[in-house]
Amino acid sequence: MAQKPSIPRGTRDFSPEEVVKRNYIMDTIKRCFTTYGFQPIETPSFENSETLMGKYGEEGDRLIFKILNSGDYLNKVSADVYSEKDSLKMTSSISEKALRYDLTVPFARYVVQHQNEITFPFKRYQMQPVWRADRPQKGRFREFYQCDADVVGSDSLWQEVELVQLYDAVFSALQLKGTTIKMNNRKVLSGIAEVIGEADKLIDFTVALDKLDKIGEEGVKKEMREKGISETAIDKVQPLFTASGNATDKLNLLSNLLSTSQVGMKGVEELTFIVNSVETLGLQSASLEIDVTLARGLNYYTGAIFEVSAPEGVAMGSIGGGGRYDDLTGIFGLKNMSGVGISFGLDRIYLVLEELGLFPDTASANTKVLFINFGEAEALYAMKAITKLRQQGISAELYPDAAKMGKQMSYADKRNIPFTVLAGASEMDASQYTLKNMKSGEQISLDYEGLVRKLQ
RNA sequence: GUGGUUGUAGCUCAGUUGGUUAGAGCGCUUGAUUGUGGUUCAAGAGGUCGCCGGUUCGAACCCGGUCUUCCACCCCA
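Residues numbered from 1 in each chain as written. Chains lettered and ligands numbered in written order. Predicted model: local features only at pLDDT ≥ 70, side-chain atom pairs only at ≥ 80, totals over all residues. Heavy atoms only, no water.

As recorded in an unreviewed UniProt entry, chain A goes by the name Histidine--tRNA ligase, listed as coming from Halomarinibacterium sedimenti. In its Sequence similarities (unreviewed entry) section, the UniProt record describing chain A reads: "Belongs to the class-II aminoacyl-tRNA synthetase family." Word for word, the UniProt comment on chain A under Subcellular location (unreviewed entry) is "Cytoplasm". (UniProt positions renumbered as here; feature names shortened; annotations may be inferred.)

## Description of the overall build of chain A
Looking only at helices and strands, chain A has 19 helices and 16 strands in total. In terms of C-alpha radius of gyration, chain A reaches 29 Å, well past the compact-globule figure of 23 Å for 456 residues. In terms of its C-alpha atoms, chain A occupies a principal-axis envelope of roughly 95 × 65 × 50 Å. Counting across all 456 residues of chain A, residues that qualify as buried make up 48%. Put simply, of all contacts in chain A between residues at least 6 apart along the chain, 70% involve residues at least 24 apart. Carbon and sulfur atoms make up 50% of the accessible area of chain A, which amounts to about 23,200 Å² in all. Separation of charge centres in chain A, based on 53 positive and 61 negative side chains, amounts to 4 Å. (Helix = DSSP H or I, 4+ residues; strand = E, 2+ residues; numbered from the N terminus. Rg over C-alpha atoms; globule rule 2.2 N^0.38 Å. Buried < 20%, exposed > 50% of the residue type's maximum accessible area, 1.4 Å probe, protein only. Contact = heavy atoms within 4.5 Å. Areas by Shrake-Rupley, 256 points an atom, 1.4 Å probe, with all protein chains shown as cover. Lys, Arg positive; Asp, Glu negative; His and termini not counted. Charge placed at Lys NZ, Arg CZ, Asp CG, Glu CD.)

## Thoughts on the pattern of salt bridges
Between side chains of opposite charge, a pair can form when the charged atoms approach closely. Taken as a whole, this structure holds 18 salt bridges when the rule is applied. A salt bridge links Glu-162 to Lys-123; its shortest N-O distance comes to 3.7 Å. Here the residue Glu-162 occupies a position in helix 7 (residues 158-173), and Lys-123 occupies one in strand 5 (residues 122-131), the gap between them amounting to 39 residues. (Salt bridge = Lys/Arg side-chain N within 4 Å of Asp/Glu carboxyl O.)

## Some points on the sheet that holds strand 7 (residues 180-185)
Pairing is mixed across the open sheet formed by 8 strands, whose spatial order is 1-5-6-11-10-9-7-8. A single partner strand is all that each edge strand has here, and the edge strands are strand 1 (39-40) and strand 8 (287-290). Across 4 bridges, the pairing between strand 7 and strand 8 is parallel. Residue pairing in the sheet places Thr-180 in a bridge with Ser-287 of strand 8. Where helix 8 (residues 186-195) meets the sheet, its contacts fall on strand 7 and strand 9 (304-309), and the angle it forms with strand 7 comes to roughly 50 degrees. (Pairing = 2+ DSSP bridges. Axes fitted to C-alpha atoms, helices over the stretch in contact; angles between N-to-C directions.)

## Looking at the protein's contact with RNA strand B
Taken together, 40 residues are adjacent to RNA strand B, and Lys-138, Arg-140, Arg-296, Met-438 and Gln-443 come closest. Here, RNA strand B places atoms within 4 Å of the protein, and 44% of those atoms are sugar or phosphate. With respect to RNA strand B, the side chain of Arg-62 contributes an N or O atom lying 3.4 Å from a base nitrogen. In the model, a sugar or linking oxygen of RNA strand B is placed 2.6 Å from a nitrogen or oxygen of the Arg-132 side chain. Mapped onto the surface near RNA strand B, the elements with two or more residues apiece are helix 3 (57-63), strand 6 (143-152), strand 10 (318-325), helix 17 (405-414) and helix 18 (425-429). (Near = heavy atom within 4 Å. Polar contact = N/O pair within 3.5 Å; in protein donor to acceptor, adjacent residues only side chain to side chain.)

## Describing unusual backbone geometry
The omega torsion across Phe-120 and Pro-121 is -5 degrees, close enough to zero to call that bond cis. Relative to the assigned elements, Pro-121 resides in the loop between helix 6 (104-113) and strand 5. One non-glycine residue, Gln-175, adopts positive backbone phi at about 65 degrees. Its place among the elements puts Gln-175 in the loop between helix 7 and strand 7. On the basis of relative accessibility, which here comes to 44%, the residue Gln-175 falls in the partly exposed class. One non-glycine residue, Ser-431, lies in the positive phi region at around 55 degrees. Note on placement: Ser-431 falls in the loop between helix 18 and strand 15 (433-437).

## Looking at the confidence of the model for chain A
Here chain A shows a mean pLDDT of 89. Residues at 70 or above account for 97%. The secondary structure element of chain A with the lowest average pLDDT is helix 4 (residues 79-84), at 76, and the one with the highest is strand 1, at 97. Scored as a whole, the predicted complex attains pTM 0.88, and scored at its interfaces, ipTM 0.82. (pLDDT = per-residue confidence, 0-100.)

## Quick look at the sheet that holds strand 4 (residues 95-99)
Across the sheet, 3 strands lie side by side as 2-4-3; this open sheet has antiparallel pairing. Across the chains shown, the open sheet's two edge strands, defined by having one partner strand only, are strand 2 (46-48) and strand 3 (66-68). Averaged over all neighbouring strand pairs, the angle between strand axes comes to 40 degrees, with direction disregarded.

## A word on the packing of helix 1 (residues 16-35) against helix 15 (residues 346-356)
The N-to-C vectors of helix 1 and helix 15 enclose an angle of 110 degrees; their axes lie 10 Å apart at closest approach. Relative to helix 15, the element helix 1 lies roughly perpendicular. Of helix 15, the residues touching helix 1 (which contributes Glu-18, Lys-21, Arg-22, Tyr-24, Ile-25 and Met-26) are Leu-346, Asp-347, Ile-349, Tyr-350, Leu-353 and Glu-354. Of the residues contributing to the contact of helix 1 with helix 15, the split by class is 7 nonpolar, no polar and 5 charged. (Parallel < 35°, antiparallel > 145°, perpendicular 65-115°, else oblique. Nonpolar A, V, L, I, M, F, W, Y, C, P; charged D, E, K, R; others polar.)

## As for the side chain of Gln-408
Note that Gln-408 resides in helix 17. Beyond its immediate sequence surroundings of up to four residues, Gln-408 is in contact with Leu-370, Phe-371, Ile-372, Asn-373, Tyr-399, Asp-401, Ala-402 and Ala-403.

## Concerning helix 17
Here helix 17 has its buried residues at Gln-408, Met-409 and Ala-412. The arc enclosing the buried residues of helix 17, seen along the axis, measures out at 95 degrees, which places them on a common side. Exposed and oriented more than 90 degrees from the buried face of helix 17 are Lys-407 and Lys-414. Of the surrounding elements, those touching the buried residues of helix 17 are strand 12 (369-371), strand 14 (419-422) and strand 15. Just downstream of helix 17 lies Asn-416, where phi reads positive at about 60 degrees. (Arc of directions from axis to C-beta.)

## Overview of the nonpolar core
Of all hydrophobic cores here, the largest spans 87 residues; its most connected members are Ile-25, Ile-192 and Phe-344. In terms of residues, this core owes the most to one element, helix 7, which gives 8 residues. With 21 residues, the next largest nonpolar core counts Val-369, Ala-385, Tyr-433 and Leu-446 among its residues. (Core = buried A, V, L, I, M, F, W, Y, C linked by side-chain atoms within 4.5 Å.)

Structure follows, in structure tokens:
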């Protein structure tokens with residue numbers, strides 16, 4: 001046997017069953033997006049490097065897949081850069097294109113490029129694969145799908161309210177009960193950093209705070225000390241470590257803590273509006289929670305931050321995330337264009353639904369009836385019926401070869417085809433079909449009309 | 001990118017201190033059954049032990065490298 005072929009690490013093949021299940025999730029999400037008034041766009045799988053580089057931080061740049069230039073790319077590298085052996089410098093001269101890292105930055109590029117054709121506020125959704133040169137783990141791949149819904153051109157907090165509802169609508173439609181939509185606000189985080197006198201260490205502070213549920217209170221404090229955050233500052237944020245109670249309690253706590261910070265109070269105000277609105281309108285199956293430690297997300301979030309976690313008991317990272325970015329298109333030259341959006345992690349949602357056994361049976365569409373092949377004349381007789389059945393929208397197929405019957409039956413069995421039709425010389429003489437129910441083993445003789453009635 | 005882990009038949013896995021011809025279960029093929037699948041019984045096919053190199057009289061087993069799997073960190077969906 002020759003060397004077995006393989007696929008790159010972090011990528012996957014999908015079997016028919018898996019594709020059907022993935023389509024079920026995507027169709028559900030798409031239907032919800034449409035209901036909420038979002039319109040689909042698509043962008044290329046690769047962009048010019050300068051569109052992507054520098055938008056996700058230093059870490060992000062490292063994780064972007066670069067595409068090697070075509071042709072004699074080394075020839076175009078200057079002798080200096082070549083002899084320096086500096087990979088970073090070299091990259092820019094041998095690679096001008098890169099695979100899409102997420103859907104948000106390409107969307108920002110799209111908005112700027114097509115600003116004159118777009119009617120604002122623009123609500124778009126996009127479901128396409130993205131690529132990251134990450135090291136794979138469970139639920140982490142190097143090629144995976146994101147399903148994004150974003151609104152640009154509106155500052156209204158009603159968008160945030162609707163996006164929370166949209167999360168709830170999708171997870172409810174998928175029968176995935178008990179998801180938690182965690183919400184925070186970048187302004188609140190800025191406010192905290194401000195009142196504790198560490199405004200310049202905002203990023204270090206938030207990254208450390210974000211790890212609370214993972215490394216615990218002491219771990220967070222340790223990391224904050226290592227990053228040079230003062231002991232008095234850490235004392236001041238102490239209430240956050242033990243924040244509990246419902247949204248109102250947490251908002252009160254934040255109000256007290258942030259009373260001297262203008263930006264902080266603005267964040268609290270925003271959170272309050274969203275929480276109150278959602279509470280009044282109601283959610284079907286998800287719950288909305290304020291999580292002051294939620295800090296993840298890209299550097300460009302400026303207002304609300306969202307993250308969705310799977311129901312309790314399912315070991316999986318976040319299955320969705322999003323937030324408000326006041327000036328995303330600014331980096332491409334279009335100022336004052338606020339956007340807010342959410343993302344669904346298709347691959348992780350798949351793993352969660354699989355673990356909880358939540359895929360419906362209908363998510364495994366299949367051939368309904370297999371006609372057994374007894375030979376030339378019999379096959380033609382079968383094909384006449386098959387042709388008509390297909391026109392009625394009934395999926396039917398003929399076993400292509402006049403193989404032994406046992407083999408044909410076992411083919412139907414393995415493919416879980418619920419019915420077979422046996423039509424040989426005696427059936428042809430009588431213009432009949434013998435329909436066999438593969439589950440019960442029951443067989444009945446029918447004319448074509450009877451066959452259609454049974455299979456519909 | 002850092003540290004660890006995994007790889008043996010199509011699949012799930014055994015394989016003794018390094019020692020003749022590398023095993024099991026499931027699956028597959030054929031037959032018992034020439035118009036009947038699932039159950040049963042019998043026989044059979046299928047492996048460069050991830051790949052490359054090293055140590056050794058001798059390597060699935062020891063060592064190095066590499067690829068892959070999973071995990072932790074980093075970061076993230």
